[in-house]
Amino acid sequence: MAAAAISHLRRGAPRHARALLYLSTRRFSSSAAGVAPLAAVAASARRLLSTSVDSGASSTGESYKPPLFDPFRAASLASSAPPLESPPIEELPDDATPPPEEEPGLPAPEKDPVATACQHELEGLKAWVETVRSRKESTEEKEAWSLLGRSVVSYCGTAVGTVAANDPSTANQMLNYDQVFIRDFVPSAIAFLLKGEGDIVKNFLLHTLQLQSWEKTVDCYSPGQGLMPASFKVRSIPLDGNSEAFEEVLDPDFGESAIGRVAPVDSGLWWIILLRAYGKITGDYALQERVDVQTGIRLILNLCLSDGFDMFPTLLVTDGSCMIDRRMGIHGHPLEIQSLFYSALRCAREMVSVNDGSNSLIRAINYRLSALSFHIREYYWVDMKKINEIYRYKTEEYSHDAINKFNIYPEQIPSWLADWIPEKGGYLIGNLQPAHMDFRFFSLGNLWAIISSLATQRQAEGILNLIEAKWEDIIANMPLKICYPALEYEEWRIITGSDPKNTPWSYHNGGSWPTLLWQFTLACIKMGRRDLAQRAIEVAEKRLSEDKWPEYYDTRTGRFIGKQSRLYQTWTIAGYLSSKMLLDCPELASILICEEDLELLEGCACSVNKSARTKCSRRAARSQDQLNTVVGEQKSIQQNLEDVKKKKLKYDAKDMDH
């Protein structure tokens, strides 16, 4: 029952916190099997009553709705009292008399509805995984699973990841494709988790954690504490100089061996996202509670949340620090990093243990989430209405009330955009800096903005509407374009440095990447547009197996296999498998999806600041349907708030009695 309660708690059920606290204070046997899950229940209940987040993931897979604003959470946040601490667990001595049995004739106590609901949820999750495992697979899927199995890398007898590619035609020129990349392994991990094979994912999470903050340098400068490697490789080295005895070691790459010598920003973000997904689908929340894992989460967050010269809530990064790992003009505040950053913060807030040492970190997470969501929704979004507004911008404005806050010149609007963007639809631009807007459409950033609810409901619908309207540009013969349009002519020469691999409509410069299919499927499931995902999968199935699962495709419509594309690319294979399983069992998409958190909208970092310099409109950060929901609930929240506070005090008194 304790395990079921934890599982239900992690999936967002703040109204059941009192029941969990009651479970944590009951008398149980002092055996090791009973104390460990009991302590986890107590920790989870304390977290729930202080700063927990309701994920509110729907199990329908068709139409997700934001969770209701919870008055219990409102009372907890409004109160200035410190988070509740559960009393120590009382253990019975070995010779203690067991509690008396119930007198005969009395009615049996009713089953705990919370525990019953939690048990049903766990059983349902297991049933969904079993459904995936027992589903009939096509010939292409069977081939893909066989190839994925061959790509598995073992370390000291245990599986720890998958190589980036297993192309026999390039066996003598593997470069770093024979390594395990954190970002590349994520779709493989999702495929294994959906199949009910979680051991390899757990091993991967723990072994990459051991590599965190490795003491390697680039020109005598150490990476920031908490940095996760881009990749690692299993190497065999002689043991104590003995040429006959060897030991295996993990050799990480933090960017010092990469082509551009750039440290990966997205590795730590992907690690946190995967850690949450593993816990939600396996119920193994003990992994998240481990001291080393908690320390790893905090190191990543401290690195991302550290103060600097930048004034924006977005992360400032260099070119080549994410999936686009070559010079492509995305330095600054690229959307891909911001979407992953927002998702990682949402996931971390669910997993960080609440105690005196983490309160300041949780406050920093909440503040950053609020500011980041407003910043992206307000300044990165473009549709026909916004482009018309930018077209009439006044420049050189100096005041706190300036409309054109970043001094964007209307001449920056590219000629292709006016005819390309549909009347009903829009997207989040690729980058925003002073006097610069990158109007290119980047698929990963937009899709993950939908998945993580960084985009509003209206914006998410607009992004999918745009993809549907511009199907021939973004999907065409192979989903999905990594960005649109490509850099060409003089622009390509200046921005990429005449990169021969990033020529127009190739590789990162407008190439088509099948691995993005699983993220597109997630976004479609979240928005109830599974038909779009099905269409894209059908397009991919026509060629992937026949073309030997290439890394990427070239040309404007994705007709050619990439000129330098590796075959049997692992994340192409895993992305296809994950898409098929998610589409057949959309309920499992909840392990990666984050629902809208209305609490963030109400606590917008700008609106709570009393300074006139940073006032902003919360209406701009909220879609119309969310606004109506919040307004409609305000009266009932106010009416129940006092009653909730009284109940909370009552539970405090009951806990003290225990």
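Residues numbered from 1 in each chain as written. Predicted model: local features only at pLDDT ≥ 70, side-chain atom pairs only at ≥ 80, totals over all residues. Heavy atoms only, no water.

For the protein chain, an unreviewed UniProt entry supplies the name Alkaline/neutral invertase and the organism Oryza nivara. Reading the Sequence similarities (unreviewed entry) entry of the UniProt record for the protein chain gives the comment "Belongs to the glycosyl hydrolase 100 family." Regarding the protein chain, the relevant UniProt record gives this comment under Function (unreviewed entry): "Invertase that cleaves sucrose into glucose and fructose." (UniProt positions renumbered as here; feature names shortened; annotations may be inferred.)

For the overall build of the protein chain, give the residues involved together with the corresponding values.
A tally of regular secondary structure across the protein chain gives 24 helices and 11 strands. Counting only residues that meet the buried cut, the protein chain has 56% of its 658 residues in that class. Relative to all contacts within the protein chain whose residues are 6 or more apart in sequence, the contacts with residues 24 or more apart total 73%. Within the structure as shown, the protein chain displays about 29600 Å² of accessible surface, and the carbon and sulfur contribution to it stands at 52%. (Helix = DSSP H or I, 4+ residues; strand = E, 2+ residues; numbered from the N terminus. Buried < 20%, exposed > 50% of the residue type's maximum accessible area, 1.4 Å probe, protein only. Contact = heavy atoms within 4.5 Å. Areas by Shrake-Rupley, 256 points an atom, 1.4 Å probe, with all protein chains shown as cover.)

If you had to explain the sheet that holds strand β6 (residues 381–383) to someone new, which residues and values would you point to?
The 4 strands are arranged β6-β7-β8-β9 in an open sheet whose pairing can be described as antiparallel. Because the sheet does not close on itself, it has two edges, and the strands there are β6 and β9 (483–484). In the sheet, strand β8 (residues 436–442) pairs with β9 via 2 bridges, with the strands oriented antiparallel. Across the sheet, Phe441 pairs through a bridge with Tyr484, a residue of β9. The sheet strands contacting helix α13 (residues 359–379) are β6, β7 (426–433) and β8, and the helix crosses β7 at an angle near 110°. (Pairing = 2+ DSSP bridges. Axes fitted to C-alpha atoms, helices over the stretch in contact; angles between N-to-C directions.)

Lay out the packing of helix α12 (residues 335–351) against α13 with the relevant residues and their values.
Each pair of packed helices can be described by the angle between their axes along with the distance between the axes. One can describe the packing of α12 onto α13 by two numbers: an axis separation of 10 Å at closest approach and a directional angle of 145°. Crossing geometry of α12 relative to α13 is assigned as left-handed. Here α12 contributes Leu335, Gln338, Phe341, Tyr342, Leu345, Arg346 and Arg349 to the contact with α13, which in turn contributes Ile365, Asn366, Arg368, Leu369, Leu372, Ser373 and Ile376. Residues of the contact of α12 with α13, tallied by class, amount to 8 nonpolar, 3 polar and 3 charged. (Left-handed = near helix turned anticlockwise from the far one by under 90°. Nonpolar A, V, L, I, M, F, W, Y, C, P; charged D, E, K, R; others polar.)

Talk me through the pattern of salt bridges; I want residue IDs and the actual numbers.
Applying the stated criterion across every chain yields a total of 19 salt bridges. Note that Lys233 is salt-bridged to Asp178, the shortest N-O span being 2.7 Å. Placement of the pair is Lys233 in strand β4 (residues 231–239) and Asp178 in the loop between β2 (158–162) and β3 (180–181), with a sequence separation of 55 residues. The class of Lys233 is partly exposed, set by a relative accessible area of 23%. (Salt bridge = Lys/Arg side-chain N within 4 Å of Asp/Glu carboxyl O.)

Outline the environment of Asp584, listing residues and values.
The topology assignment puts Asp584 in helix α22 (residues 570–584). For Asp584, a relative accessible area of 47% corresponds to the partly exposed category. Between the C-alpha atoms of Asp584 and Thr131, which are 453 residues apart in sequence, the distance is 9.0 Å.

Would you mind going over the environment of Leu315 in detail, with residue names and values included?
Locating Leu315 in the fold gives a position in the loop between α11 (291–305) and α12. Each C-alpha atom of the pair Leu315 and Gln338 lies 6.5 Å from the other, and the pair is 23 residues apart in sequence.

Any chance you could break down the pairing of strand β1 (residues 152–155) for me, citing the residues and the numbers?
Where burial is concerned, the two faces of β1 differ: the one with Val153 and Tyr155 is buried and the one with Val152 and Ser154 is not. Pairing of β1 with β2, which is carried by 4 bridges, proceeds in the antiparallel orientation. Bridging across to β2, Val153 finds its partner in Gly161.

Tell me about the sheet that holds strand β5 (residues 242–253), and please be specific about residues and values.
Here we have 3 strands laid out as an open sheet, ordered β3-β4-β5, and antiparallel in their pairing. Two strands bound the open sheet, and with one partner strand each, they are β3 and β5. Pairing of β3 with β4, which is carried by 2 bridges, proceeds in the antiparallel orientation. If you follow Val180 over to β4, its bridge partner there is Phe232.

For α12, give the residues involved together with the corresponding values.
Count 3.6 residues to each turn of an α-helix, and residues three or four apart come out pointing the same way. Given a rise of 1.5 Å per residue, 17 residues ought to cover 24 Å, and the 24 Å separating the end C-alpha atoms of α12 matches this to within 8%. Within α12, 17 of the 17 residues are buried, which leaves it mostly tucked inside the rest of the structure. (Expected span 1.5 Å × (residues − 1).)

Tell me about α11, residues and numbers included.
Here α11 is 15 residues long and its end C-alpha atoms lie 21 Å apart, about the 21 Å a rise of 1.5 Å per residue gives. All of the buried residues along α11 are Val293, Gln294, Gly296, Ile297, Leu299, Ile300, Leu301, Cys304 and Leu305. Packing partners of the buried residues in α11 comprise α8 (199–210), α9 (266–282), α10 (286–289), α12 and α13.

I'd love a proper account of the side chain of Ser512, names of residues and values included.
With respect to the element layout, Ser512 can be found in the loop between α19 (489–496) and α20 (517–526). Using a relative accessible area of 0% as the deciding quantity, one classes Ser512 as buried. One polar contact links Ser512 to Lys481, side chain to side chain, over a distance of 2.9 Å. Every residue in contact with Ser512, bar those within four places of it in the chain, is listed here: Met478, Leu480, Lys481, Tyr552, Tyr553 and Gly558. (Polar contact = N/O pair within 3.5 Å; in protein donor to acceptor, adjacent residues only side chain to side chain.)

For the side chain of Asp499, give the residues involved together with the corresponding values.
Relative to the helices and strands, Asp499 is located in the loop between α19 and α20. Given a relative accessible area of 7%, Asp499 falls into the buried group. The contact partners of Asp499, leaving out residues within four places of it in the chain, are Arg326 and Trp492.

Which residues make up the packing of aromatic side chains, and what values go with them?
Applying the stated criterion across every chain yields a total of 21 aromatic pairs. Measuring from ring centre to ring centre gives 6.3 Å for Trp145 and Phe192, while their planes differ by 50°; the resulting arrangement is tilted. Placement of Trp145 in helix α6 (residues 139–150) and of Phe192 in helix α7 (residues 182–194) is noted, with a sequence separation of 47 residues between them. The class of Phe192 is buried, set by a relative accessible area of 6%. With 5.5 Å between their ring centres and 50° between their planes, Trp549 and Tyr576 make a pair best called tilted. In this pair, Trp549 is assigned in the loop between α21 (530–541) and β10 (553–554) and Tyr576 in helix α22, connecting sequence segments 27 residues apart. Taken individually, Trp549 and Tyr576 each receive the classification buried, so the pair is uniform in this respect. Aromatic rings pair up to connect Trp416, Trp420, Tyr427, Phe441, Tyr484 and Trp505 into one cluster. In this structure, Lys501 is placed above the aromatic ring of Tyr507, and the distance from its NZ or CZ to the ring centre is 4.3 Å. Positioned over the ring face of Trp471 is Arg535, at 3.9 Å from the centre of the ring. (Phe/Tyr/Trp six-rings, centres within 6.5 Å; stacked < 30°, edge-to-face > 60°. Lys NZ or Arg CZ within 6 Å of the ring centre and 35° of its normal.)

Explain the nonpolar core residue by residue, including any values.
Counting 161 residues, the largest nonpolar core has Trp271, Leu301 and Tyr427 as the members making the most contacts within it. If near-sequence neighbours (up to four positions away) are discounted, Leu301 is found in contact with Ile272, Leu345, Ala348, Val352, Leu361 and Ile365. (Core = buried A, V, L, I, M, F, W, Y, C linked by side-chain atoms within 4.5 Å.)

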